[in-house]
Every structure is written in structure tokens, then in C-alpha cells.
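Descriptive structure summary
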Amino acid sequence: MTELTGNATHIAAEENKLIIETYGAKAEISIYGPEIIRIRISKRNAAPRESFAVIREPAALSPCHEEADAITLETGALTLRIDRFPLRFSFFNKNGQLLGADDPRFGTTWQGDRVITYRKLFPGEKFIGLGEKTGNLNRRGSNYVNWNTDAALHTPETDPLYKTFPFFIGIHDGLTYGLFFDNPHKSYFDFGATTDDQMSWFGADGGEMNYYFFGSASVAKILEDYTWLTGRMEMPPLWSLGYQQCRWSYMSAAEVLDVARKLRERQIPADVMYCDIDYMDNYKIFTWNKDTFADPKAMIDELASMGFKLVTIVDPGIKIEEGYLQYDEGIREKFFAAYPNGEEYVASVWPGRCHFPDFYREDVREWWGRSFAALTDPGVAGFWNDMNEPAAWGQNIPWLVQFGKFTLPEVRNAYGLEMSKATYLGTRKLLGNKRPFVLTRAAYSGIQRYSAVWTGDNAATDEHLLLGARLVNSLGLTGLSFIGVDIGGFMGDPTPGLMVRWNSLGPYIPMFRNHSAIMSKNREPWLWGEENERIIRKDIEQRYRLIPYIYACFYQSHTTGMPLARTLAIDHTHLEPVYDPRFQNQFLFGPSLLVAPVVSTVEETEVYLPPGTWYRLSTGERFAGDQVIMAAAPLADLPVFAKAGAIIPMQRVIQSTSFAGDGVLELHVWHGHEPSEFLYYEDDGDSYNYLDSDYYRRLLKFDPESNRIILGQAKGRFASRYREILLLLHGFGTHTPTTFTVKNDRQQILVTITK
Ligand code: GLC
């Protein structure tokens, strides 16, 4: 039977909440900011749930106005109209325009424990977001499920995948709004997948209707507000921005070192080597194989001497084996997820029969965190959290298994988040003032506080190359910025062409990691022929040249939640071609570079250039925007365009971020007719001192009217690692670069460009 939310029978303000009662339910309204309103509707007497994602508290309640059949609540930026007969919610902006509303017929309903809110669907309304979801950028007409799954062998249609982000942005009538349904149960989103566009809806198998409505007028501001609510990423360690070489698995220390040496010999820049599951003794987490990785410290020291860091994998499954430290401790302390009678739940993953730590408990998280000493002591710098959906290989984890105060169906979607949190907090403590790099496969909203993510086991096909771009862009709409895909494709063997093409996209994927599955062809850059190696090297070099820009863009993610890889829907929300399936994979990398992913089987492609002027990065050719162009796309030249006015700091190629460069910062500026600016940011790249003003930050501006480039006064205590700035002007009618020296007295510098 379906229970509709009926009439509001009683309304009262209590502290910072407005409480509304109906016959069967209770609604609580609270204000988190002028543009953020929370609606919580539960069956009467349901206890409030703690959130895994939200880190903020509500503000004071805004003034309410009572009318006969409605109450309105004004936040200064939004008006919430609460109709009483029956209880329905409508959100308006300050111009009185309707942003979003309940479907007036149904509103919020229950079917047993299943809770659903039916919403008004606007003509032409588009939907973007939900994070790691296949399908089109515009999710209109599609429906999705959130249930974190080990989606090995997924296709560009598979749903669900590994992660859950119940947050989307609606776009209609030139307006935008966001909606975050903070409920970790299995959840459902339907964006008008009904005949005659009858409605959209979202809901979950249990728990509460509990959503945050964001009413800002731009996608960027909605992301800023959403990441204010759920947290933002920290500055990543600088080394993690370099090229990362992974493989399931490099089978011995000798092999790890051999690959690292070859990268150096062949002058292919790289910063990171990985150890996948085979470094362990029988897949026992926090152990090393005594034969093949006999002296991990010696291996890591040697890697360090070549300018490499090591990342190792950890899975949640703790092997059932007496005498294995983590097993014994976990059993003794009752740290594993168990049935209601106290018996530990047994899964079967890589180590065979194993138990899952109950990461929903703080004592378990602390224990897990401490256990990383086995990895940090010899010098591991990064921690790759895998299989944390959790994957139990073809088995359905019985629903009565308890995790913390919950049972599995209530919180499965947050397991990866809680594991990553434990890994992050533990390794942060163990590493002192150094930033840990944490990577995870499963996630829930808020994961950006603890970890980078990658999109799991993709395949070596062109379709997956394009899907990967879309997944990265969509994840960027959920507060994440540090996102990777397995370059080259995890499953199967890429053609040499695909390998080259995917690596040419690599510099523009926030985390640039080459990874592949056991039994598939190795993926190292020199295995694809000499000419292809040359192209791949050039692309990896491009990554290293862009690191100053990338690092500064991550600072923006850290301070505002703006992702590094940005679907065009962020800056050009209301332009139709952005959602055209031909162009939906395109994105802006940082504010100023437009990247058009292309499959490996074509040599030219249509590119949509948004309004403005654009310059092809490789040739300097200038194009008017607001049109579709045919762009040459040979394997050696992925179409990438700089926006007019772009200010892009770059550096000369170095083989590792840990090597001192030549001390020259290249400042590339592309001519434009509008004033432009870029916030340059630098710090030591590996400590937390930046949180205490130990950074070097300055606003760079181009003013076309006075034809000046202005380097604002430097802020913070950090001394830049670049002694000189080399100014490189593009499209100014001059080809002579101008050089000048950065003054570390941090004063403003004005450069007038003379022809
Ligand atoms: C999972 C991961 C993959 C890893 C493999 C072995 O399939 O997604 O990246 O290489 O397990 O650990």
C-alpha cells in the first residue's frame, strides 16, 4: 500500500527547525545557508540518522509567514513555500521563479519502508550529476540505482557501478538547482523515464526522506555549496600529480625496480610505482611476501633514489588464519562484521575465506589505521583501497550482517567511504606532517575529504575511453576532483593506436595512472613500437609541463569545490550543444583548456567550441567559438584548445616532481579581448604547513585594454621554487617571449606588452 503524505496538522518552530506534523509523518525544515534548505521527512518518532557525508550544522531558522493554507520561509535568497493541504514543498528564487517542487499529486510517499519523493518535471528540464553513472551527460529520460557493486566487466550501459553520490543538478528555464538525497540505503533516481514526462522521482529502500535543496543560480555555486556541506579535498601530495605506473601485478621487488629504471633510462617522466595484491604474503593485508618482496625498505629506498614513490593496495578482506596478526587482533577485539548472534560473517575474496572489518566503528577504524605501520615503516607513501563495495565475489552479503549500529542494507553504500576514512586518518597520523595519498574504488558522498577515486575495471576499448571521460566529468559534479581511469583499459588488450590515444588524454585526466589486469598485455609505454613510445613520452611530458597549472587548479578544488576536469555543463550550462551526444565527452581542464576526447580509429573529429575565441594548443591556430569545427585529430595530436585570455603556468619537463627543475616558470597567456585572471598557487607539495599560510599565492591578470599582465602581490610565507618567470604570449601578434625575474619580495609586477 502507498501512504501519501497528508495534511499538515501541526506546525511549530523548535530551536533552529520548523517541525510539521501530518497524520503519519513528521517533517523538519532547517536552513544551512541562504541557498541551502534541508527537508527531512520521517515516519513519526523515527530517530534522526547521523550522516556519513554532511559536516555542517544548520543555521538559525529564517522568518516564516503563515497564510491560511501555506507557510512561507524566506532565507534572503530562496523562498520555500510549504503547502499544508496536503503537505507539499516548492522552492523559489528571489525573483519568484519556481526552481523545483513536489509533484502536487503525490509529494513524499511510503510503500512499507520504501520512501519516495515525486517531483514536478519541467518541460525541457535537464539533469546532470549522480557521479559515477554510465549514460549521457544529460540524464533526462534515464533511471539509476545506487548500490555499490564490484562492477567488473561493466559496459558503457551498466548500472550501478562502484560508487554512490545521490546528488544531482536540475537545469530548466535558464535556472539551476541541486538536490542531495543523503540516504545510504539502496536508492533510486528517475529523471522523467515515464511516458508523457509525467514526473521525476527519487527514493530509497529505507531510512528517511532527507534532502538538501541548493538554489544557487549557477552550477559552480551549487558545487561550492554542496562541498561546503560535505567537505572539500585537501591539497594532494605533489608527487601524486605525476605519471603513475601500475600493473596487476609487478610480481617482485626486482620487477618493480626494473620498470622504474626503464622509465628513467627511456626518459619517460614518472613519479609513482604501484604494488598490486601480489606484494603480500598470501593476500594477507599488511604483510609482505617474504620471497619476492624480501626487503621492502631497500626497494622503496631505491625507488626514492630514482625519484619514485610507492603506492600499495589494501583490500578489506582479512584472511582467516590463526597467527596472522590482523586476524588474531580482529577476532580478539570483535572488530569484524558479524551476524546478530555474534558469529563473524565469512566472505570469499582474494585471500580465500575472510572477514570484513566493521569500519562503521571508531575503534575499528583506529585499529585499521594503526595497522598501516607495516606499510609506512618501510616508506610506502600511498594507499590504494580496493574491493570495498564490499566485493564478496558472487555472494550476496546476507542482509542481517551487522555493520556498526546498522545492518548491511542500511549502510552498504558507505562502506568504501568509511574504509577510506580509516585509511586516511590512520596514515595521516603515521606519516606525521606528510600528506598521505589515498585512492579508493567504492565511495559515498563526502569521499573527497579523504581520498582520490578511480573508476574501476574498465576495458581496453574506444567506447571505454569515451565513457571514462564522461565518468570523470560526472564525478566532478559531486565534489570530487582527484579522479582517475585506468589508462589503456584494465581488461583486454588495447591496440597500439588505442594505447597512444588514451595516453594522450592522460595529461588531462586528474589522476594519470596506467593500469592493467593480470593476463592482459603489459602496458608500459615502450611496448607499442618506437614511434608510439615517442608520442606517449611527449604526452607524459605534457603532463609534467602542466603541473604548475594543475596544482593551482587543485587549490581551487580545495577552496571552492570546483573540479579540475569540468564538463562544459559547468561553464555553459544553458547551451544545447553541450548536451549533444557528439560533444558531451568534451570538458574543460581547469578554467582554460578545452579537451575533446577522440577514439583511436579516426583522424579528425567534430568539436564544439563554446562562445569566445579558442586557440589550438598544438598549432596556435585561432578559432571563433559558438560553432562546431572539424578538427584534425591524428594520434599524435589530441584536439586541445586554450581559451582566449587563458593564463596557464607551466614548467619545463622534469623526470619526477621530486627533481629540482631549472627554476623557470613559464607563464603562457593567450590573447583575448576580455580581462582575465588566474590564481597561481604553490606550496611545499607534501606537508600540511599550507594550512598555516605556508604557501605562495598570487593573482595573475591580463588586462587587454592597457595590454598589461599583472602579477599581483604574493601572499603567504612559502618561497616559490621558480626563480624566473618566462612570459610566453600567444596570439598577441608577437612571437618574441619576454623574460623577467620573479621578485621574492612579493611585490606586484606589471608587464606592459609592446609590439
Ligand atoms: C580489482 C581492482 C583492480 C586490481 C585487481 C587486483 O579488480 O579493481 O584495479 O588490479 O582487483 O587487485
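Residues numbered from 1 in each chain as written. Predicted model: local features only at pLDDT ≥ 70, side-chain atom pairs only at ≥ 80, totals over all residues. Heavy atoms only, no water.

**Here we look at the site of the ligand**
Neighbouring the ligand are Trp-248, Asp-276, Ile-277, Ile-313, Trp-350, Trp-384, Asp-386, Arg-441, Trp-454, Asp-457, Phe-490 and His-515. His-515 places a polar side-chain atom, nitrogen or oxygen, 2.9 Å from an oxygen atom of the ligand. Against a free-state accessible area of 310 Å², the protein chains account for coverage of 97% of the ligand. The class makeup of the residues in the shell around the ligand is 7 nonpolar, 1 polar and 4 charged. (Near = heavy atom within 4 Å. Polar contact = N/O pair within 3.5 Å; in protein donor to acceptor, adjacent residues only side chain to side chain. Areas by Shrake-Rupley, 256 points an atom, 1.4 Å probe, with all protein chains shown as cover. Nonpolar A, V, L, I, M, F, W, Y, C, P; charged D, E, K, R; others polar.)

**Some words on the sheet that holds strand β11 (residues 108–111)**
Taken in spatial order, the 6 strands make up an open sheet running β1-β11-β12-β19-β18-β14, and their pairing is antiparallel. Of all the strands in the sheet, just β1 (2–4) and β14 (143–146) have a single pairing partner and so form its edges. Direction aside, the axes of adjacent strands within the sheet are offset by 20° on average. Alignment of β1 against β11, held across 3 bridges, turns out to be antiparallel. Counted as the bridge partner of Thr-2 is Gln-111 from β11. (Pairing = 2+ DSSP bridges. Helix = DSSP H or I, 4+ residues; strand = E, 2+ residues; numbered from the N terminus. Axes fitted to C-alpha atoms, helices over the stretch in contact; angles between N-to-C directions.)

**Section: the nonpolar core**
Grouped together as the largest cluster of nonpolar side chains are 202 residues, with contacts concentrated most on Phe-180, Met-273, Met-299, Leu-303 and Trp-368. Of the residues forming this core, the biggest block, 13 residues, is contributed by helix α11 (residues 530–560). Once residues lying within four places of it in the same chain are set aside, the contact partners of Trp-368 are Ile-285, Phe-286, Val-314, Asp-315, Pro-316, Ile-318, Pro-357, Phe-359, Met-419, Ala-422 and Thr-423. Core analysis: the next-biggest nonpolar cluster, separate from the first, contains 37 residues, Ile-71, Phe-89, Val-115 and Phe-181 among them. (Core = buried A, V, L, I, M, F, W, Y, C linked by side-chain atoms within 4.5 Å. Buried < 20%, exposed > 50% of the residue type's maximum accessible area, 1.4 Å probe, protein only. Contact = heavy atoms within 4.5 Å.)

**Side note on the confidence of the model for the chain**
Of the residues in the chain, 98% reach a pLDDT of 70 or more, and the chain-wide mean stands at 96. The spread of mean pLDDT over the elements of the chain runs between strand β49 (residues 738–741), the lowest at 66, and strand β30 (residues 437–440), the highest at 99. (pLDDT = per-residue confidence, 0-100.)

**Quick notes on the pairing of strand β23 (residues 309–314)**
The two faces of a sheet get side chains in turn, since along a regular strand they alternate between them. Burial within β23 is extensive, with 5 of its 6 residues counted as buried. Note that the unit made of strand β22 (residues 272–275), helix α3 (residues 296–305) and β23 has a crossover that is right-handed. Where β23 and strand β27 (residues 382–385) come together, 4 bridges link them in parallel fashion. The residue bridging Ile-313 from the neighbouring strand is Trp-384, located in β27. (Right-handed = clockwise from strand over helix to strand, strands pointing away.)

**So, the sheet that holds strand β25 (residues 347–349)**
Spatially, 3 strands are ordered β24-β26-β25 in an open sheet, and the strand pairing comes out antiparallel. Both outer strands of the open sheet, β24 (318–319) and β25, are each paired with one neighbouring strand and no more.

**Considerations on the environment of Leu-564**
Take Leu-564: it is sitting in the loop between α11 and β35 (565–567). For the pair formed by Leu-564 and Trp-528, sequence separation is 36 residues and the distance between their alpha carbons is 30 Å. Look past the residues within four positions of Leu-564 in its chain and what remains in contact with it is Ser-481, Pro-510, Ile-550, Cys-553, Phe-554, Ser-557, Leu-588, Phe-589 and Gly-590.

**Quick notes on the packing of aromatic side chains**
Tallied over the entire structure, the rule returns 65 aromatic pairs. Where Tyr-274 meets Trp-384, the ring centres are 5.4 Å apart and the plane angle is 85°; that geometry is what we call edge-to-face. Of this pair, Tyr-274 sits in strand β22 while Trp-384 sits in strand β27, and the two are 110 residues apart along the sequence. Trp-384 matches Tyr-274 in its accessibility class, with the two residues each being buried. The side chain of Lys-284 reaches across the aromatic face of Tyr-324, ending 5.8 Å from its centre. Positioned above the aromatic ring of Tyr-688, the side-chain terminus of Arg-428 is 3.4 Å from the ring centre. (Phe/Tyr/Trp six-rings, centres within 6.5 Å; stacked < 30°, edge-to-face > 60°. Lys NZ or Arg CZ within 6 Å of the ring centre and 35° of its normal.)

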